[in-house]
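Structural overview
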Amino acid sequence: RVLFRSEEIYNVQKNAFLKPAYNSFSLYIGIPFCPTRCSYCSFTSEPGTNKDMEEYLDALLSEIGYLSKEIREKCLFPETVYIGGGTPTSLSSEQIKKLLYHIETYLLDGGTREVTFEAGRPDTITKEKVKVLNAGSVTRISINPQTYNEETLKIIGRPHTNSQVEEAFYLSRSLGDFQINCDLICGLPKETIVDFKKSLSWIEEFKPENITVHTLAAKRKSLLTRADREFYRQGEKQVGNMLDEAYKSLKNNAYSPYYLYRQKNMIGAFENVGYSLEGRENLYNVRIMDEHQTIAALGAGGISKAYYPKEDKIERVPNVNNYLIYIDRVEEMIDRKRKNLFKEV
């Protein structure tokens, strides 16, 4: 079995990135809305109404306002920004424009190196949204097919089609100037190594700058686990073969692994591995896994991580998970950060 050598990933990270500046932090902004819930997912995400999204956005802008004041007073700046979820492109083009305006006006700095916007669900990507993202500060987006097999997509609750993935790539390349990431998942229900090879070959044709190969993690509260509590114990050998195939094929196509992480209940206790073309690595992914920089997380479900370099320790500052509760208690979430984030020990 091919081993993902820590030394190989370390060398890529060492050559691609310097240590973070003492007055920098990374920023996560959570958008907890998705068109549907995937069967393996337990994240805090719902379809949401337009009214829900408007009220949520107003609460989120309050947190952005607090953070803007805080970092200006302390002379801090966001080195990286990651807008995730959920599916941020569940928002309308006008809502995305409003959010990006506030991020760019009140948070970004000349030292900000990248802004990632998850457009993971191909069925939420439109011409208007791509234009808004490209007109703003966004440097990287995600288009996440997960698999080429449309029957599998139906099983896991992702009702997009391969043609929508292809259209999303066309729009992003023709209307935008982004680095693109794609996610694939090893171990999806009923998938074989043949299915995975097809997915991998298909995605490689698009030449995304980043490809993340996930091992399926059957989350405890997911629909998949409710139907079969032992699902994550199955298919270890096959998933191992899929990961081997990904490593060999991507290396042959000029991709190198640059970060990895593990989660609970992953099939075979394997890992998620991010691959990148040379010089196109995503810095946020490295910073959040390395845990030597403060991460400020805004929005429902966001967990800020305050890093104290002298003690080399991390302290978590969580927001509530439910977006309706977050809307009602956003001032409390701000107060938590005011008391516990960007503080000296």
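Scroll up for the structure.
Description of the structure in this document. (Residues numbered from 1 in each chain as written. Predicted model: local features only at pLDDT ≥ 70, side-chain atom pairs only at ≥ 80, totals over all residues. Heavy atoms only, no water.)

The next point concerns the overall build of the protein chain. Looking only at helices and strands, the protein chain has 12 helices and 11 strands in total. The C-alpha radius of gyration of the protein chain comes to 20 Å, within 12% of the 20 Å expected for a compact globule of 345 residues. The dimensions of the protein chain, computed from C-alpha atoms along their principal axes, are 55 × 45 × 45 Å. Looking at the 345 residues of the protein chain, the share that counts as buried comes to 55%. Residue pairs in contact within the protein chain that sit at least 24 positions apart in sequence constitute 76% of those at least 6 positions apart. Accessible surface, the protein chain: about 15800 Å² in total, of which carbon and sulfur atoms supply 49%. Computing the positive centroid from 47 side-chain charges and the negative centroid from 47, the protein chain places the two 3 Å apart. (Helix = DSSP H or I, 4+ residues; strand = E, 2+ residues; numbered from the N terminus. Rg over C-alpha atoms; globule rule 2.2 N^0.38 Å. Buried < 20%, exposed > 50% of the residue type's maximum accessible area, 1.4 Å probe, protein only. Contact = heavy atoms within 4.5 Å. Areas by Shrake-Rupley, 256 points an atom, 1.4 Å probe, with all protein chains shown as cover. Lys, Arg positive; Asp, Glu negative; His and termini not counted. Charge placed at Lys NZ, Arg CZ, Asp CG, Glu CD.)

The next thing to look at is the nonpolar core. Counting 82 residues, the largest nonpolar core has L67, I83 and Y326 as the members making the most contacts within it. Among residues more than four places away in sequence, those in contact with L67 are F25, L27, L107, A296, L298 and F342. (Core = buried A, V, L, I, M, F, W, Y, C linked by side-chain atoms within 4.5 Å.)

The end-to-end C-alpha separation of helix α2 (residues 50-74) is 36 Å, in line with the 36 Å expected for 25 residues at 1.5 Å each. One or two steps after α2, the chain reaches C75, where phi turns positive at roughly 55°. (Expected span 1.5 Å × (residues − 1).)

With that out of the way, let us pick up the packing of aromatic side chains. Scanning the model with the defined rule gives 11 aromatic pairs in all. A ring pair is formed by Y56 and Y326, whose centres lie 5.3 Å apart and whose planes are at 45°; its orientation type is tilted. With Y56 in helix α2 and Y326 in helix α11 (residues 323-328), the pair connects residues that are 270 residues apart, well separated along the chain. An identical accessibility class is assigned to Y56 and Y326; each is buried. (Phe/Tyr/Trp six-rings, centres within 6.5 Å; stacked < 30°, edge-to-face > 60°.)

Attention shifts here to the state of the cysteines. Enumeration over the complete set of coordinates arrives at zero disulfides. Considering cysteine sulfurs only, C182 is the nearest to C186, which forms no disulfide, with 14 Å between them. A residue is classified by how much of its surface remains accessible, and C186, at 0% relative accessible area, is buried. (Disulfide = S-S within 2.5 Å.)

Our next topic: the environment of S6. Position of S6 among the secondary structure elements: in helix α1 (residues 6-16). In this structure S6 comes out as exposed when scored by relative accessible area, which is 59%.

The subject of this paragraph is the packing of α2 against helix α12 (residues 330-340). The description of two packed helices rests on the angle between their axes and on the distance between the axes. Their axes nearest at 10 Å, the elements α2 and α12 cross at an angle of 25°. As judged from the angle between their axes, α2 and α12 are roughly parallel. Of the two possible hands of crossing, α2 and α12 adopt the one that is right-handed. Residues A59, S62, E63 and Y66 of α2 lie in contact with α12, whose contacting residues are V330, M333, I334, K337 and R338. (Axes fitted to C-alpha atoms, helices over the stretch in contact; angles between N-to-C directions. Parallel < 35°, antiparallel > 145°, perpendicular 65-115°, else oblique. Left-handed = near helix turned anticlockwise from the far one by under 90°.)

Let us now look at helix α10 (residues 283-290). Among the eight residues that make up α10, six are buried, leaving the element largely enclosed by the rest of the structure. Those residues of α10 that fall on the buried side of the exposure criterion are L283, Y284, N285, V286, R287 and I288. Backbone geometry just after α10 places E291 at a positive phi near 60°.

Structural measurements only, silent on function.
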